[in-house]
Amino acid sequence: MRSRPAVGVGLAGLALAAVSHPVVATGIARLLGEAPRRALDGERLLALALQHLALAGTGFALVALLGLGLGILATRRAGAAFRPAIDGLAAGAQAVPPVVVVALALPVLGFGGPPTLLALIAYGVMPALRGTAGALEAVSREAKAAAEAMGMTRRQILFSVELPLAAPGIVETLRTALVLAVATAAVGALAGASTLGTPIVAGLQNQNTVPMLQGAAATAALAFLGDAALLGLAAILRINRP
Amino acid sequence: MNAPTDGLAARAARMGPGVLALAWVAALAAALVDAPLLAIAANRLVPGLPVTGGTILGPALPGVLALSALAAGLLAAAPGRRAAAGALALLLAATGLLAWGIGHGAALRMAGEPSAARAGLGSGAWLAAALLVAASGVAIRRVSRPGLGPATAALLVGGLVLAGRAGTFDALSLAVEYAGRRAAVHAAFVEHLVLAGGALGLAIPVVIGLSLWRRGQGLVGLVIGGVQVVPAVALLGGLVALTGGLLRAVPPLRDLGLSALGPAPAMVGIAAYLLLPLWRGLAAALRAPDPASLDAARALGLTDVQILARLRLPLGGPQLVGALRVATVQAIGLATLGALIGAGGLGRIVFDGMAQFAPDLILLGAVPVVALSLAAERTLSAVEDRMRTGVSA
């Protein structure tokens, strides 16, 4: 029962993946009254999806590592002084949308993946950090005090009390970061990164609906499937909770 | 706090301000002396040759550094509010002197160059600006007087605009780019506001309608939560296809001015992402009063409408404004993508700049987007804070 949201989201992802199939997408375009144009074949779509996955995955891993690590540091005793600065930076960084970071990084980093990764980190790290810090701060004081009274070291308290108790909140934060990573990789197509955003952007420019629809459905499918995976992880964590 | 028992951490905390101030001054000096303050290029497309602050700023360089070092020293040595106010004044003077020095130096440097040559701001200029803004932020926080932050920002922006009007920055590439397409930038700015505002105007009634549907809240949450997962580029692409199909099925819609590419599908797409923060905020606001006060209100004979107007909305006000803040910042950012489907806005200038690989054109579109969303964020969070303190008082 508890894993139901994961199943629903996963099914939505699979349905969208089916829509991105050349035959289905062509059928939908015909239903919409579009003139039949050449669809992207399955092979090309799969290649783009893999590149999308690689770029979004790298970005997600970087954001997760930085966000988690800095979030843990910010909640240690020595990090308390930096909290106002972190919150200010987080609000400031949110004001620069990923498209704008991609655009600004383009002249400096050139075409391709790097501007996309930078955009992802610039936009994604601060919310991930804030989410992690929030989840760690929500761990009850009593639990920490009890662990201290049991003679656990600070490291033990972190790894066997704070992180397990904060895990559901941290997974929530990671879900946002993952969705953001998939979306930003699609925007990266504007900077010449070859992802599932490429057929969308090209299709919009050439009024070519079928590849546009395929790219849009496949990008959304990736986002839903990734979200389902993390929802499943959250369900497992909750079941295993003592 | 100042017990010497905590060893290293306490010592670091005591030494912290001094070390931080020194590092800040060193970074500023490096940005102005070592890093390229300007990049001088033969035209707007080729990468420029770096020129450091020593050549550009001339006698203004020691002035900027001295003012900044004095401010940093003041912030590090004296913890009081008065010292912080003094430091803020010094930092503002340094910023003004730096801006004037860059404009003046660029004008001198570009005097003999052909008209196609461009002087773009280099990494040193951006780094120095970021450092000065960060230090000003610290000073403003320490003075902790309400309204000082916005007032300082307004003073800075106003000063830069006035100096720009007076021609101080005419030699800089960004100003040349702006002078060439003033009308287009202004039109794009208005289009951007219309896109973001229209999306908000579309999302708010929808959210109110959805929250009235009591039984369906679970389904509503599922659907508008699911929308958040769809990448914006994909949703916009899908909406263009759907609008195209709709227009073919019902041709009279065309006469209403609807088209597959343009502001209408963009507004709908942006509005779709605003539903979740607004819906959550509205739900939280309606839950804000505790059951006891609601019972008391009912016992007093207040009607549901009176309870809504006198109890729920005033108590839930901060949550509502908070939701509006999140939605507004998102709308301004997402409106940038609207240019992708022909909706115009500042995104069009950004994408033109990307297509031409012209950094200054990208900046010309990007700077207003960032300024708009920062202004919206700061303004609405100030309103939110004021309402919060008003409620608790």
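Definitions and cut-offs
- Residues numbered from 1 in each chain as written.
- Chains lettered and ligands numbered in written order.
- Predicted model: local features only at pLDDT ≥ 70, side-chain atom pairs only at ≥ 80, totals over all residues.
- Helix = DSSP H or I, 4+ residues; strand = E, 2+ residues; numbered from the N terminus.
- Contact = placed C-beta atoms within 7 Å.
- Pairing = 2+ DSSP bridges.
- Axes fitted to C-alpha atoms, helices over the stretch in contact; angles between N-to-C directions.
- Domains from an automatic or database assignment.
- Buried ≥ 20, exposed ≤ 12 C-beta atoms within 10 Å, placed from the backbone.
- Core = buried A, V, L, I, M, F, W, Y, C linked by C-beta atoms within 7 Å.
- pLDDT = per-residue confidence, 0-100.
- Nonpolar A, V, L, I, M, F, W, Y, C, P; charged D, E, K, R; others polar.
- Arc of directions from axis to C-beta.

Remarks on the overall build of chain B
Tallying secondary structure elements over chain B gives 16 helices and 3 strands in all. Partitioning the contacts of chain B with sequence separation of at least 6, the portion at a separation of at least 24 is 74%.

As for the sheet that holds strand S2 (residues 49-52) of chain B
Residue and element names in this part refer to chain B. Taken in spatial order, the 3 strands line up as S2-S1-S3 in an open sheet, and their pairing is antiparallel. Edge positions in the sheet fall to S2 and strand S3 (118-121), since each of these pairs with one other strand and no more. Here the strands of the sheet are splayed against their neighbours by 35° on average, with no regard to which way each runs.

What about the domain arrangement of chain B?
Residues and elements named next belong to chain B. Under the domain assignment, chain B is made up of domain 1 (15-178) and domain 2 (182-392). Placing the centre of domain 1 and that of domain 2 at their C-alpha centroids yields a distance of 35 Å. Between domain 1 and domain 2, the residue contacts involve 8 residues of the former and 10 residues of the latter. Per-element tally for the side of domain 1 that touches domain 2: the top contributor is helix H7 (residues 173-180), with 4 residues.

Examining the pairing of S3 of chain B
Residues and elements named next belong to chain B. Burial of the side chains of S3 extends over both faces: Arg118 and Gly120 are buried on one face and Ala119 and Leu121 on the other. Bridging between strand S1 (residues 36-41) and S3 involves 4 bridges; their strand directions are antiparallel. What sits directly across from Leu38, in S3, is Leu121.

Some remarks on the nonpolar core
Residues and elements named next belong to chain B. By size, the foremost hydrophobic cluster in this structure holds 133 residues, and its most contacted members are Ile270 and Leu274. Excluding anything up to four places from it in sequence, Ile270 contacts Leu195, Ala199, Ala331, Leu334, Ala335 and Gly338. Of all hydrophobic cores here, the second largest spans 43 residues; its members include Leu74, Ala128, Val138 and Ile140.

Let's talk about the confidence of the model for chain B
Residues and elements named next belong to chain B. Mean pLDDT for chain B: 85, with 95% of residues reaching 70 or above. Averaged over each element, pLDDT in chain B is lowest for helix H1 (residues 8-33) (77) and highest for helix H8 (residues 182-212) (93). Contacts of residues 1-6 to residues separated by more than four positions or lying in other chains number 1 contact, the stretch itself having pLDDT below 50.

Here we look at the interface of chain B and chain A
Facing 38 residues of chain B, the contacting portion of chain A comprises 38 residues. Of all the secondary structure elements, the ones that give two or more residues to the side of chain B that touches chain A are helix H5 (123-143), helix H9 (217-229), helix H10 (232-249), helix H14 (304-338), helix H15 (346-356) and helix H16 (359-392) of chain B. Among the residues making up the side of chain B that touches chain A, the classes are represented as 23 nonpolar, 12 polar and 3 charged.

What about H7 of chain B?
When H7 of chain B is considered as a whole, its buried residues turn out to be Ser173, Val176 and Glu177 of chain B. All buried residues of H7 of chain B project into a common sector of 100° when viewed along the axis, lining one side.

Structural notes on unusual backbone geometry
All names here are of chain B. In this model, Ser144 sits at a positive phi of 45°, which is unusual for a non-glycine residue. As for its position among the elements, Ser144 is in the loop between H5 and helix H6 (148-165). Judged by the 10 C-beta atoms lying within 10 Å of it, Ser144 is exposed. Phi at Phe357 takes a positive value of approximately 55°, unusual for a residue other than glycine. Given 15 C-beta atoms within a 10 Å radius, Phe357 is considered partly exposed.

So, the environment of Leu50 of chain A
All names here are of chain A. Secondary-structure assignment places Leu50 in helix H3 (residues 42-75). The class of Leu50 is exposed, set by 12 C-beta atoms lying within 10 Å. When the C-alpha atoms of Leu50 and Leu196 are compared, they prove to be 9.0 Å apart, with 146 residues separating the residues in sequence.

Focus: the environment of Leu48 of chain A
All names here are of chain A. Looking at the element boundaries, Leu48 is found in helix H3. Overall, Leu48 belongs to the buried group, with 22 C-beta atoms counted inside 10 Å. For Leu48 and Thr195, which are 147 residues apart along the polypeptide, the C-alpha to C-alpha distance reads 5.1 Å. Ignoring sequence-local partners within four residues, the contact set of Leu48 consists of Ser194, Thr195, Leu196 and Thr198.

So, helix H5 (residues 98-109) of chain A
Residues of H5 of chain A that are buried: Pro98, Val99, Val100, Val101, Val102, Ala103, Leu104 and Leu106 of chain A. Looking at the residues trailing H5 of chain A, positive phi occurs at Gly110 of chain A, about 85°.

Observations regarding the confidence of the model for chain A
Summary statistics for chain A give a mean pLDDT of 84 and a share of 96% for residues scoring 70 or more. Helix H4 (residues 83-94) of chain A is the least confidently modelled element of chain A, averaging 74 in pLDDT, while H3 of chain A averages 89, the highest of any element.

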